[in-house]
Amino acid sequence: MTTIQDELRETARTLLAEGQVDCVLGWAWEEELQRAVPCFVRAAEDAKRLIWDERCVVSLAPFLLHMKRQLSSVRTEPSRTAIVVKGCDARGVVRILRDQQLERDEVLIIGVVCQGVGDPDNRPAKCRECQYHVPPVYDLLLGEEPKETQTPSSPLLERVREIEGWDVADRASYWREHFSRCLRCYACRQVCPACNCVECIFDSERTRWTYKRTTAEENMIFHAIRAFHVAGRCVECGECERACPMGIPLMEINKKVASDIKELFSVPDAGVDLREEPPLVRYETGDLDHFV
Amino acid sequence: MHKDNPYLPSLATIQGIEDLTSDVRLLRVTLPAGFSYLPGQCALLSILGVGESTISITSPPTQPEYMEFAIKRVGKVTEAIHEAEVGEQIGVRGPMGNHFPVEMMRGKNLLFVGGGIGLAPLRSMIKYAFDRRSEFGHIDVIYGARSPQDICFFKELTESWPQQPDTAVYLTVDRGDEAWSGHTGFVPAFLEEIAPSPQDCLAVTCGPPIMIKFVLQSLEKLGFSRDMIYTTLEMKMKCGLGKCGRCNIGDKYVCVDGPVFSFAELGELPNEF
Amino acid sequence: MTELWRIKKCDLPAWLNIWREEYELWGARPEGPVMRYGPVADATELVLQVRTRDSAKNMFFPATETMFSFRHDEQGLELNQQLPELKARLLVGLPSCDLQALLVMDNVFGGGGHADPYYSGRRQYTVVVGVACEPGEFFFCQDFGFGPDTPTGADLFLWDDGSNWLAQAFSEAGARLLQAGDWEKVQATVPNRSGPGGWVSADSVARLRERFDDPRWERLGERCLGCGACAYVCPTCHCFDIDDMPHGLEGGERYRRWDTCAFAGFTAAAGHNPRPDQTGRIRQRVMHKLVYGDFRSDRSLCVGCGRCVAACPAGIDIRAIAREAVREKKEVKAGA
């Protein structure tokens, strides 16, 4: 039987051999690390290194943008990269394209049908509520579309509802405690497909109203700005929470904001449509402005 | 330097301000107690509330009354320094790092090749040599700026320095204007035209990285060996004490091992300056 | 055979608690979902032989600290240094790698002719109790010449002996701690297990030095996303930035905060960045850790704790980079 992984290797080999792309960004297994890591395949004969299975937890979308920016600092000719995406990762690619950080024809999206990643007995929250086993956007699709899909329950949303039920003081101390651990390593920002500003305000030496300090207030400001800046654009890939070395439950915030946005603006999930207009990015003359 | 806390600046009062060009300002400040330095060393200047920046000392240590800094407006700290007025206090930490090889230079001919604001550290050595004129041989100063308006220390370059015994000053600009009757062209080519002799001569160069690169090539063409060519690096220093790690290149810390290096020494380092 | 003190494991918390009057007690304990070093009210809260998510450096070199405050008034400018409160602290449970790291940091902040009063002030009054470790995932201490039983750097070290700890003091402060207990003295051989290793060698370090321009750095540069997770969990990464924060118009404070060579702006100044891309930045971190070291001592700036390996969201593995350096094969492996 041909597996998705076999198909993927053959597809990558062909794309590279025929010169349709310069690079295939996929996953490779790192034995000593016991992890699937991003892998940039540039030669057809290396396509056999690619893997696809439930060990492929990492989203490759931020690596696509990072790699393109790296290349543009040393090379000017256009290059086309194929990226392998799960449903959640595809939404990250949509985010990057929709935010005009890359041109559509710079990217060839290879979608893989995914039934969840990570430990089967302890799937990440995003997998337990996944509605995108088939990537919402792709150029090539590998794997069979599932016959019927049911809308799963969302443990993360249940958690958000639970927190919403707490007193303001309890919520404040809950977040203060979590943010107190933040070291400002910016791993959450670097792995976020929506955090794609070329220069982040937290890196600008001219920003004189917020400081890179790990004090309670400054960490609170950082995380509030991060959450608001990705509001309506967060694709809920969960990479920020995965990357955080301090275990801050960032997806609880992202989920809260995403669910509020959906409720307030009646919009679909972010990152499922290349023509989407995130509600907070769009201005209409009838927008509420009594607070301005 | 503060005895127990090397991060604590001394305070110096601004005595005089002079605009050298449209974006370079000369600051004359009082010398903090116990502050003694040699040409090529730098100091960290603070505008409290804005931050601290590494600036090379442009006055010679033979001047015991005050210290001078030529500051180009390039970032938030240097902008704030430009806004400071006479009588205001600024923070000074230092002196940091090593200095030009003064002992080695004694008795030798000296060649200074500067570009733009890069004249600032050279000026400390040039004036030091003038003040102890008999201790040094022939002195050549070759200096270039983008335009006549960008020449730093114009008066000194055209009036007082050429008056010094056994001294020649050569000026060039990348682009002249109607009033400019001097040489036009880039520093490296001008240097090759002048062709100073490498015989018993030590060269010191400072300027934009691209200029330094080609000056080095020209000097080598003229027969200077790399251990007789010195420069000073403009790496972003922060602590000045070899702790904060920003100015680390290879096995060296610019703030401790530098900022002055010979090209023989730089050749051993990765090209990250 | 060495004379050691035998302490029943169940007696340890009560004994440590005796010292609470004199010392603030610090050690590993959970903070939310992660293990970290921090103060505890009672020694029973301490978790021993666990790998904390980040190191103990925060205790001596906090992620953010005020260095001095300043005020402008009619008389001029006034600076007030804000040195840390001199508190006696008892830090319990450092594994051998974190002890080695502490010695590195002592050199960085205490050496080179300029003592750092902030670090030194905290370090001077801290007594350190090391505990033999149970090597786990990603450890590679043996490559740096020590193992899970190496006591170097501790005032007092505890070796695991089943239901007992075997203790030896290495300083007066450590010996004093022991006197508070009515412990049995035994003649025993000090345990000396080998730790995990086999990645970093003199050969791999030499090869890395030679291969500054190796194209494989570019492969790493495109994977390294430029966050600071590796440096911020590292027990010896000590880079920092200094900045001012005004408080209104009259005054403010100068503070320092952690910084890292992995960040794009680390070396940028006045429009010139000598490390303009991530290739140069990830190379700098690896080179500084494994090759350049610290000019104040011969100690390696990597102690093999493996925290960076565990923390990297891109799966970059410094061990694999070292191992890859000795491979002649030009082909690029995913891990290096």
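What you see is a predicted model, and the numbers here were worked out from it, not measured in a lab. (Residues numbered from 1 in each chain as written. Chains lettered and ligands numbered in written order. Predicted model: local features only at pLDDT ≥ 70, side-chain atom pairs only at ≥ 80, totals over all residues. Heavy atoms only, no water.)

**Some words on the interface of chain B and chain C**
Part 1 of the argument: Between chain B and chain C, the contact holds 40 residues from the first and 47 residues from the second.
Part 2 of the argument: Both faces combined, the contact of chain B with chain C buries some 3500 Å², and carbon together with sulfur accounts for 55% of it.
Part 3 of the argument: At the boundary of chain B with chain C, the tally comes to eight salt bridges.
Part 4 of the argument: Linking chain B with chain C are 26 residue pairs in polar contact (both at pLDDT 80 or more), by the criterion used here.
Part 5 of the argument: In terms of residue class, the side of chain B that touches chain C is built from 20 nonpolar, ten polar and ten charged. (Contact = heavy atoms within 4.5 Å. Buried area = accessible area lost by both parts, 1.4 Å probe. Salt bridge = Lys/Arg side-chain N within 4 Å of Asp/Glu carboxyl O. Polar contact = N/O pair within 3.5 Å; in protein donor to acceptor, adjacent residues only side chain to side chain. Nonpolar A, V, L, I, M, F, W, Y, C, P; charged D, E, K, R; others polar.)

**Some remarks on the domain arrangement of chain C**
A common measure of how large an interface is: the accessible area buried when the components associate.
Residues and elements named next belong to chain C.
Part 1 of the argument: According to the domain assignment, chain C consists of domain 1 (2-188) and domain 2 (202-325).
Part 2 of the argument: For domain 1 versus domain 2, the separation of C-alpha centres amounts to 25 Å.
Part 3 of the argument: Each side of the interface is counted separately: domain 1 has 41 residues, and domain 2 has 39 residues.
Part 4 of the argument: When the buried surface of domain 1 facing domain 2 is broken down by residue, Lys-57, Phe-138 and Phe-140 rank first, second and third, together holding 18% of it.
Part 5 of the argument: Applying the counting criterion to the domain 1 and domain 2 interface returns three salt bridges.
Part 6 of the argument: Those elements giving two or more residues to the side of domain 1 that touches domain 2 turn out to be α2 (57-60), β4 (64-73), α3 (96-110) and α4 (117-124).
Part 7 of the argument: A total of ten residues in the side of domain 1 that touches domain 2 trace back to one element, the largest contributor, which is α3.
Part 8 of the argument: A per-class count over the side of domain 1 that touches domain 2 returns 22 nonpolar, eleven polar and eight charged. (Domains from an automatic or database assignment. Helix = DSSP H or I, 4+ residues; strand = E, 2+ residues; numbered from the N terminus.)

**Let's talk about the interface of chain A and chain C**
Part 1 of the argument: On the side of chain C, 52 residues touch chain A, which itself brings 40 residues to the contact.
Part 2 of the argument: Regarding the contact of chain A and chain C, the summed buried area is about 3700 Å², with carbon and sulfur atoms giving 54% of it.
Part 3 of the argument: Counting the contacts that link chain A with chain C gives three salt bridges.
Part 4 of the argument: For C:Glu222, the salt bridge goes to A:Arg42, with nearest N and O atoms at 2.7 Å.
Part 5 of the argument: The tally of links between chain A and chain C comes to 15 residue pairs in polar contact (both at pLDDT 80 or more).

**Thoughts on empty space enclosed by the protein**
Residue and element names in this part refer to chain C.
Part 1 of the argument: This model, assessed by the stated rule, comprises ten cavities of 30 Å³ or more.
Part 2 of the argument: Along the walls of the largest cavity sit 17 residues, with Cys-224, Cys-230, Ile-282, Cys-312 and Ile-316 positioned nearest its centre.
Part 3 of the argument: Contributions of two or more residues to the lining of the largest cavity are made by α8 (229-233), α9 (278-292) and α11 (318-325).
Part 4 of the argument: When residues in the lining of the largest cavity are grouped by element, the largest group, three residues, is from α9. (1 Å grid on protein atoms, 1.4 Å probe; cavity = no way out; pocket = protein on both sides within 12 Å on 5 of 7 lines; lining within 4 Å. Points joined across faces, edges and corners; volume = space filled by probe spheres on them.)

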